[in-house]
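# Coordinates in review
The primary structure of each chain is shown beneath.
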Amino acid sequence: MAAPVAIHLEFGGGAELLFNGVKDHHVTLPSQPDPWDVKQLLVWIQQNLLKERPELFVQGDSVRPGILVLINDADWELMGELEYQLQDQDNVVFISTLHGG
Amino acid sequence: MAAPVAIHLEFGGGAELLFNGVKDHHVTLPSQPDPWDVKQLLVWIQQNLLKERPELFVQGDSVRPGILVLINDADWELMGELEYQLQDQDNVVFISTLHGG
Amino acid sequence: PLKAKASLSNEDIMRYSRQLLLPELGVQGQLNLSKTSVLVVGCGGLGCPLAQYLGAAGIGRLGLLDYDEVELSNLHRQVLHGEENQDQAKALSAANAVKRLNSTVECIPYHLQLSSENALQLIQHGKPLVSASALRMEGQLTVYNYRGGPCYRCLYPVPPPSETVTNCSDGGVLGVVPGIMGCFQALEVLKIASGQGSSCGQQLVMFDAQDARFRSIKLRPKQAGCAVCGENPSVTRLVDYEAFCGSAATDKCRKLNL
Amino acid sequence: PLKAKASLSNEDIMRYSRQLLLPELGVQGQLNLSKTSVLVVGCGGLGCPLAQYLGAAGIGRLGLLDYDEVELSNLHRQVLHGEENQDQAKALSAANAVKRLNSTVECIPYHLQLSSENALQLIQHGKPLVSASALRMEGQLTVYNYRGGPCYRCLYPVPPPSETVTNCSDGGVLGVVPGIMGCFQALEVLKIASGQGSSCGQQLVMFDAQDARFRSIKLRPKQAGCAVCGENPSVTRLVDYEAFCGSAATDKCRKLNL
Ligand SMILES: [Zn+2]
Ligand SMILES: [Zn+2]
């Protein structure tokens, strides 16, 4: 069994509007047989945090195009994307790309 | 004997011009009988780093008026000023107040 | 004193529609802006963008203070003025430019130098002061007299020796650096005036344009022993700022509610 | 193409004296600016301060592109325009305003929408793109196509669904937020054009105006499999940006060397 994982989730660029406008979430992912990866985190967020319109957050088993995912202040592409295994105290940011000026 | 202390010194707002324009200095203060405090650090900086015009950096045994001192991103006034005892890996910033626009 | 508007006109609603949509501002925030007076001290590199964005956003009254006239060497950063305004008073040139953008703002040019004598008439004691400066490739910003934070004198009880004070004519400045800092001042003024509140009280914000890096540090609170704002103030009238800190007061650009 | 100046005139030396003093710029940096052409795509909330500070600093040629006309609801943030410019083409109004500030800059207004057809004429392939956006109380900035960093398509291989794209008319925006971001764009353009170099390549800079907080995050490098800039590009002509991302291209304000 993998131990519970405490992580910090942030939503920005408008993505927070899908979470009652709350930008910062300190959450603990429960103990489970295998380590938590980002793919499982997305499912957990949908089931536990997402308040409305899931199609604005996910597409298939990934985030929808136009949302950047950052793990510990780096583009998730540098970290293994969906396969990245979450560590205790990780910081995961979902930022919607702004279009405006 | 207190062990050597490795600290990060930063100069900004023009104060770096007294240090050959170098803003970041990683230095190790040698072992000495008592713990290092900021008052002793100022003497050490004058003897080891300061390149020119000490009167633009110190006045008496403190920094000259118009230079703010920050210890680990907080005003040194909150930390005990000259009496603060330096810890390994501390970050000390000397920032000259800008006048211009 | 400014008369408070009871409601927004149709033209106001049209003009400010994009910011009225913001939950952080809304109609009440806009009405709050319209009853606020701001004194912009210095219509230079900081004061130009500051006045421009305060005027555009619908501040009620804008005092524009500068003793100087527009010169060619100002135009790389003092973007409210134009080539045709050379030799004109900066206060007047700035007021005319803000009027072109928003004629509903009451602009009052003061072609004079802030001194301990006239400051008492112009500045209401204890109002927040959004102060910024910019030199070379660096900027700094602090909100003084705000929610338990320090006043200028709390932070600098002793003035810096005048020979240590560098200004833009000596040290140079990239024009867009005061541009960024002046916009930042406007943001904090608008947050305070609309009722949202500033997040920069008791903070020093530092900007390094070379690294494109901002950094905030926590300052001391209001000092009980401060000669100006402390429990037993020894300075009960405004000190002459220039005498106090030895630099031309107009090098600074600051905001004070009237 | 712009002819390179061999030296600065006396008037140039006077006008730019405060920035010529900077070791980071100097005479060579100023000459570099004078031989650079920049296309400002969109003369709105970002493009106004961007064009203003690029013009003031002495960029050689400034293309100003916008298909839209000035409306009252623009003036809370589009500070190059004035009340008298309502119904005028933004590109023209912006060009006239920059000219008033610095008549030595060659301003070329383009009253049209950027499309895959005209983009090929206007934009030189592979030049750095300083892109920013601002909405509500937030801003973002990235420099694309710069020193091994990604292009837009590397970062967003699939366009966002159009129903997820919010613009200023839907979401609202505090005017000074694009003010800060447009100044920031100008800073990075000036650093690139003068030869100093940008520190924002392969970075996303995010600004939260409510907390007055900036933050930078590291982006992926240029992607070998990218359809535009990769090793086997499948897109060999410019894609229609609007078709690609489903938002009006003019909501964005970007810079491209000609
Ligand atoms: Zn005080
Ligand atoms: Zn690419």
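Residue positions are given per chain, counting from 1 as you read along its sequence in written order. As they are written, the chains are lettered A onward and the ligands numbered 1 onward, keeping that order. At least 70 in pLDDT is required for a residue's local features to be given in this predicted model, at least 80 for side-chain atom pairs to be given and counted, and no such filter applies to totals for whole chains, interfaces and linings, which use all residues. No hydrogens and no water enter the side-chain calculation; it runs on all heavy atoms of the structure.

You'll find chain A entered in an unreviewed UniProt entry as Ubiquitin-related modifier 1, with Pogonophryne albipinna given as the organism. UniProt positions are given in the numbering used here, feature names are shortened, and annotations may be inferred rather than shown by experiment. Within the UniProt record for chain A, the comment given under Pathway (unreviewed entry) is "tRNA modification; 5-methoxycarbonylmethyl-2-thiouridine-tRNA biosynthesis."

Now for the packing of helix α3 (residues 26–34) of chain D against helix α9 (residues 176–194) of chain D. Residues and elements named next belong to chain D. At their nearest, the axes of α3 and α9 sit 8 Å apart, and the two run at 105 degrees to each other. On the basis of the axis angle, α3 is roughly perpendicular to α9. Here Gly29, Asn32 and Leu33 of α3 lie close against α9, whose contacting residues are Leu190, Ala193 and Ser194. Across the contact of α3 with α9, the residue classes tally to three nonpolar, three polar and no charged. In this analysis an axis means a line fitted to C-alpha atoms, helices contributing only their contacting stretch, and an angle means the value between N-to-C directions, from 0 to 180 degrees. Counting from the N terminus, the helices are the DSSP runs of H or I reaching at least four residues and the strands are the DSSP runs of E reaching at least two. Note that the term roughly parallel is reserved for angles under 35 degrees, roughly antiparallel for angles over 145, roughly perpendicular for angles of 65 to 115, and oblique for everything else. Note on definitions: a residue-residue contact is assigned when non-hydrogen atoms from the two residues lie within 4.5 Å. Gly is placed with the polar residues, together with every amino acid not listed as nonpolar (Ala, Val, Leu, Ile, Met, Phe, Trp, Tyr, Cys and Pro) or charged (Asp, Glu, Lys and Arg).

Our next topic: the arrangement of the chains. By number of contacts, the leading pair among the three pairs of chains in contact is chains C and D. The two units chain A and chain B are non-contacting; their minimal C-alpha-C-alpha distance is 20 Å. For the non-touching pair chain A and chain C, the nearest C-alpha separation works out to 11 Å.

Contact with chain C, which involves 60 residues of that partner, is made by 60 residues of chain D. Take the accessible area each of two parts loses on contact, using a 1.4 Å probe, and add the two losses: that sum is the buried area. Counting the surface lost from both chain C and chain D, the interface buries some 5100 Å², and carbon and sulfur atoms represent 64% of this. Put simply, a salt bridge is a Lys or Arg side-chain nitrogen that is within 4 Å of an Asp or Glu carboxyl oxygen. Applying the counting criterion to the chain C and chain D interface returns two salt bridges. Note that Glu83 of chain D is salt-bridged to Arg15 of chain C, the shortest N-O span being 2.5 Å. N or O atoms closer than or at 3.5 Å make up a polar contact, with two conditions inside protein: a donor-capable atom paired with an acceptor-capable one, and, for residues adjacent in sequence, both atoms drawn from side chains. At the junction of chain C and chain D, the tally comes to 18 residue pairs in polar contact (both at pLDDT 80 or more). Of all the elements in the fold, those that place two or more residues in the side of chain C that touches chain D are α1 (10–15), α2 (17–20), α4 (47–57), α5 (90–101), α8 (168–171) and α9 (176–194) of chain C. Here the element with the most residues in the side of chain C that touches chain D is α9 of chain C; it accounts for 10 residues. The class makeup of the residues in the side of chain C that touches chain D is 28 nonpolar, 18 polar and 14 charged.

Here α9 of chain C contains 19 residues, and its C-alpha end-to-end distance of 26 Å stays within 8% of the 27 Å for a straight helix at 1.5 Å per residue. In terms of burial, α9 of chain C is largely enclosed, as 19 of its 19 residues are buried. The span one expects for a helix is its residue count, reduced by one, times 1.5 Å. Think of it in three bands: with a 1.4 Å probe and only protein chains considered, a residue is buried below 20% of the maximum accessible area for its type, exposed above 50%, and partly exposed in between.

The subject of this paragraph is the coordination of the zinc ion (ligand 2). All names here are of chain D. The coordination sphere of the zinc ion (ligand 2) contains the protein donors Cys151 (SG), Cys154 (SG), Cys226 (SG) and Cys229 (SG), at a distance range of 2.2 to 2.3 Å. Of note is the zinc ion (ligand 2), whose four donor atoms meet at the metal with angles of 95 to 116 degrees in an arrangement that counts as tetrahedral. Coordinating donors are taken to be N, O and S atoms lying within 2.8 Å of the metal, or within 3.2 Å when the metal is Na, K or Ca; because water is excluded from the atom set, some sites may appear incomplete. The sequence pattern formed by the donor residues of the zinc ion (ligand 2) is C-x2-C-x71-C-x2-C. Of this pair, Cys154 sits in helix α7 (residues 152–155) while Cys226 sits in the loop between β7 (213–218) and α10 (241–245), and the two are 72 residues apart along the sequence. Taken individually, Cys154 and Cys226 each receive the classification buried, so the pair is uniform in this respect. Just to be clear on the cut-offs, tetrahedral is four donors with all angles between 85 and 135 degrees, square planar is four donors and octahedral six with opposite donors over 155 degrees apart and all others between 65 and 115, and anything else goes down as irregular.

You can see Asn102 of chain C is positioned in the loop between α5 and β3 (106–110). Residue classification places Asn102 of chain C among the buried residues on the basis of a relative accessible area of 0%. A polar contact of 3.0 Å, which involves the side chain of Asn102 of chain C, links it to the side chain of Tyr16 of chain C. Only 2.9 Å separates the side chain of Asn102 of chain C from the backbone oxygen of Gly55 of chain C, close enough to count as a polar contact. If near-sequence neighbours (up to four positions away) are discounted, Asn102 of chain C is found in contact with Arg15, Tyr16, Gly55, Ala56 and Gly58 of chain C together with Glu83 of chain D.

With that settled, consider the environment of Leu18 of chain B. All names here are of chain B. Relative to the helices and strands, Leu18 resides in the loop between β1 (5–12) and β2 (24–29). In this structure Leu18 comes out as buried when scored by relative accessible area, which is 9%. As for Leu18 and Pro30, which are separated by 12 residues in sequence, their C-alpha atoms are 23 Å apart. Setting aside residues up to four positions removed in sequence, Leu18 forms contacts with Leu50, Lys51, Glu52, Arg53, Leu56 and Phe57.

Taken together, the contacts link 42 residues of chain D with 29 residues of chain A. Among the residues of chain D in contact with chain A, Glu138, Arg215 and Arg220 of chain D are the three that bury the most area, contributing 20% of the side total. Across the chain D-chain A interface, the total number found is five salt bridges. Notably, a salt bridge pairs Arg220 of chain D with Asp75 of chain A, separated by 2.6 Å at the nearest N-O pair. On inspection of chain D and its partner chain A, the count reaches 12 residue pairs in polar contact (both at pLDDT 80 or more). For the side of chain D that touches chain A, the residue count by class is 21 nonpolar, 11 polar and 10 charged.

Turning next to the relation of the copies chain C and chain D. A least-squares fit on C-alpha atoms brings the copies together, and the residues used are those whose pLDDT is at least 70 in both copies. Overlay of chain C on chain D (RMSD 0.0 Å): rotation 180 degrees, translation along the axis 0.0 Å. The transformation just described matches what one would write down for a two-fold rotation axis. Residue Ile180 of chain C of chain C places its C-alpha closer to the rotation axis than any other residue of that unit, at 2.8 Å. Counting the interface residues of chain C, we find that 100% of their copies in chain D are interface residues as well, pointing to one common contact surface.

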